[in-house]
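Spelled out, the chains give:
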Protein chains: 2
Amino acid sequence: MARAATTTDAFNAVAEPRRRQILDLLRARERPVNELVELLGLAQPQVSKHLRVLREVDLVHVRDEGRQRMYRLNPGPLQPIHDWLRAYEQLWNERFDLMDDVLDDLGKAETDDGDDD
Amino acid sequence: MARAATTTDAFNAVAEPRRRQILDLLRARERPVNELVELLGLAQPQVSKHLRVLREVDLVHVRDEGRQRMYRLNPGPLQPIHDWLRAYEQLWNERFDLMDDVLDDLGKAETDDGDDD
DNA sequence: CAATCGTATACCCATAACGGAATGCGTCAA
DNA sequence: TTGACGCATTCCGTTATGGGTATACGATTG
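The text that follows walks through the structure, step by step, so that each part is easy to find. Each chain has its residues counted from 1, following the order in which its sequence is written. Chain labels run from A onward and ligand labels from 1 onward, assigned in the order the entries are written. Two thresholds apply to this predicted model, a pLDDT of at least 70 for residue-level local features and 80 or more for giving and counting side-chain atom pairs, whereas whole-chain, interface and lining totals are computed over all residues. Where side-chain values are given, they derive from all heavy atoms of the structure, hydrogens and water being excluded.

Some points on the sheet that holds strand β1 (residues 31-32) of chain A
Residue and element names in this part refer to chain A.
So, step 1. Strand pairing follows a simple DSSP-based rule, namely that at least 2 bridges must link the two strands. Going along the chain from the N terminus, every DSSP run of H or I of four or more residues is numbered as a helix, and every run of E of two or more is numbered as a strand. In space, the three strands of this open sheet follow the order β1-β3-β2, with antiparallel pairing throughout. Taken across any chain shown, the strands that pair with only one partner, and hence form the sheet edges, are β1 and β2 (60-65).
So, step 2. As paired elements, β2 and strand β3 (residues 68-73) share six bridges and run antiparallel to each other. When the sheet's bridge partners are listed, V62 is paired in β3 with Y71.
So, step 3. Contacts between residues were defined by any pair of non-hydrogen atoms, one from each residue, lying within 4.5 Å. Between N-to-C directions, angles span 0 to 180 degrees; the directions come from axes that are lines fitted to C-alpha atoms, helices contributing only their stretch in contact. Helix α2 (residues 17-28) contacts β1, β2 and β3 of the sheet and is inclined by roughly 90° relative to β3.

Focus on the nonpolar core
So, step 1. In this structure, L23, L59 and L78 of chain A together with L23, L59, L78 and I81 of chain B are the most contacted members of the largest nonpolar core, which totals 56 residues.
So, step 2. The residues touching L59 of chain A, leaving out its near neighbours within four places in the chain, are A10, A13, V14, L23, L54, R72, L73, N74, P77 and L78 of chain A. Nonpolar cores are built from buried Ala, Val, Leu, Ile, Met, Phe, Trp, Tyr and Cys residues. Side-chain atoms within 4.5 Å join them into one set. In this scheme, a residue with accessible area under 20% of its type's maximum is buried, one over 50% is exposed, and one in between is partly exposed, where area comes from a 1.4 Å probe on protein chains only.

Digging into the protein's contact with DNA strand C
So, step 1. Neighbouring residues are identified by heavy atoms, a residue being near a molecule or strand if any of them is within 4 Å of it. Near DNA strand C there are 26 residues, and of these M1, N34, Q44, S48 and Y71 of chain A occur at the shortest range.
So, step 2. Considering DNA strand C, the proportion of its atoms within 4 Å of the protein that are sugar or phosphate atoms stands at 60%.
So, step 3. One nitrogen or oxygen atom from the side chain of R69 of chain A is found 3.2 Å from a phosphate oxygen belonging to DNA strand C.
So, step 4. In the model, a phosphate oxygen of DNA strand C is placed 2.9 Å from a nitrogen or oxygen of the H50 of chain B side chain. Between N or O atoms, a polar contact is any pair within 3.5 Å; within protein, one atom must be a potential hydrogen donor and the other a potential acceptor, and residues adjacent in sequence are included only when both atoms are from side chains.

Some details on the protein's contact with DNA strand D
So, step 1. Looking at DNA strand D, there are 28 residues lining it, with M1, N34, Q44, S48 and Y71 of chain B nearest.
So, step 2. Sugar and phosphate atoms constitute 59% of the interface atoms of DNA strand D, taking the interface as everything within 4 Å of the protein.
So, step 3. The separation between a phosphate oxygen of DNA strand D and a polar side-chain atom of H50 of chain A is 2.8 Å.
So, step 4. A distance of 2.5 Å separates a phosphate oxygen of DNA strand D from a polar side-chain atom of Y71 of chain B.
So, step 5. Mapped onto the surface near DNA strand D, the elements with two or more residues apiece are α2 and α4 (44-56) of chain A together with α3 (33-40), α4 (44-56) and β3 (68-73) of chain B.
So, step 6. Considering each element in turn, the surface near DNA strand D owes the most residues, five residues, to α4 of chain B.
So, step 7. Amino acids outside the nonpolar list (Ala, Val, Leu, Ile, Met, Phe, Trp, Tyr, Cys, Pro) and the charged list (Asp, Glu, Lys, Arg) are all regarded as polar, and Gly is one of them. Looking at the surface near DNA strand D residue by residue, the classes come out as 10 nonpolar, eight polar and 10 charged.

Below, the structure is given as C-alpha cells:
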C-alpha cells in the first residue's frame, strides 16, 4: 500500500504547501486560475492539478464565468482538522509543559518509593 | 518530484490516520511501544516506523526504561497547524456561509438581468 | 469560419510512502 | 551464558505523488 491519496481528506490535501497557499489566496476573494498562476509563480497545469485536489475534498468551489473559472474557498472541510487539534490546544497553552519536566524527573528517579521491585 | 516527505513537518506527519491515533493515545499518558501495538492492532514494526516519523518532527519524545521505550506526546509542533487554521476558523463560524449561497445564485443567474456584459 | 485565450487533462519521470516479513541489537531472566 | 523479550531497522513490492511538457477542449473574438 502507498501513502493515502491526497484527495482522501483535508488532512492530506492541506499537507502540500502550495495548496495551503492557494487556500490562503482564496481567503481574500474568489479568483480565476489565471490569477493564481501569477501569484504562485507556478506553471498553469500544476495549479490546475492542485485545484483539482482541493475540489475533490471540497475545499474550493468553482463557478464558470465565460472562459474563466472562478475558484472560491469553502472552509468547511478544514473544521475536522481544527476539531482534532482542539484536544491538543490546551496542552501547549496551559502549563502542561511543566509536567514535561516532572515526568522527566520521575523517569530518572523511578523506583524511589516503590517496594514492588 | 514526489510528495513531500512525511517527516517534512507536522502537516505531513499527521496526515496519516494511524499517526493521529498514536498521538491521541499518547495524550492520556506516555506508553511503551508494546502497548501502542495492542491498542492499534498494528504490527510492531509499523508502529515503530510511525513513531520514527513522529520523533523526527518532534511530536513525541522517548525515554528509555529498561528494555522498553516510553513514548510521550510533545504537542508543540502542532501549533503551526492550529495557527494556520486560525484565519479560517471565523469563516465557518460566522454567517459567511450565507454568502456561499448568494454567490452560487449569482453564478447561476449570471447575466439574467444584468446588461453589464 | 479560423484564431486565440483560459483551463483541464494526458503522459513521463523520479521519489518515497506504507504494509509485510525477516532480522539485528540491547536488556533482563534463568 | 543462553534464551526470551522489546523494539528498531532493512528489504520488498505496490502505488501515487508533483513537476514538466504537450495537447485537448470550450468560450470568445475577429
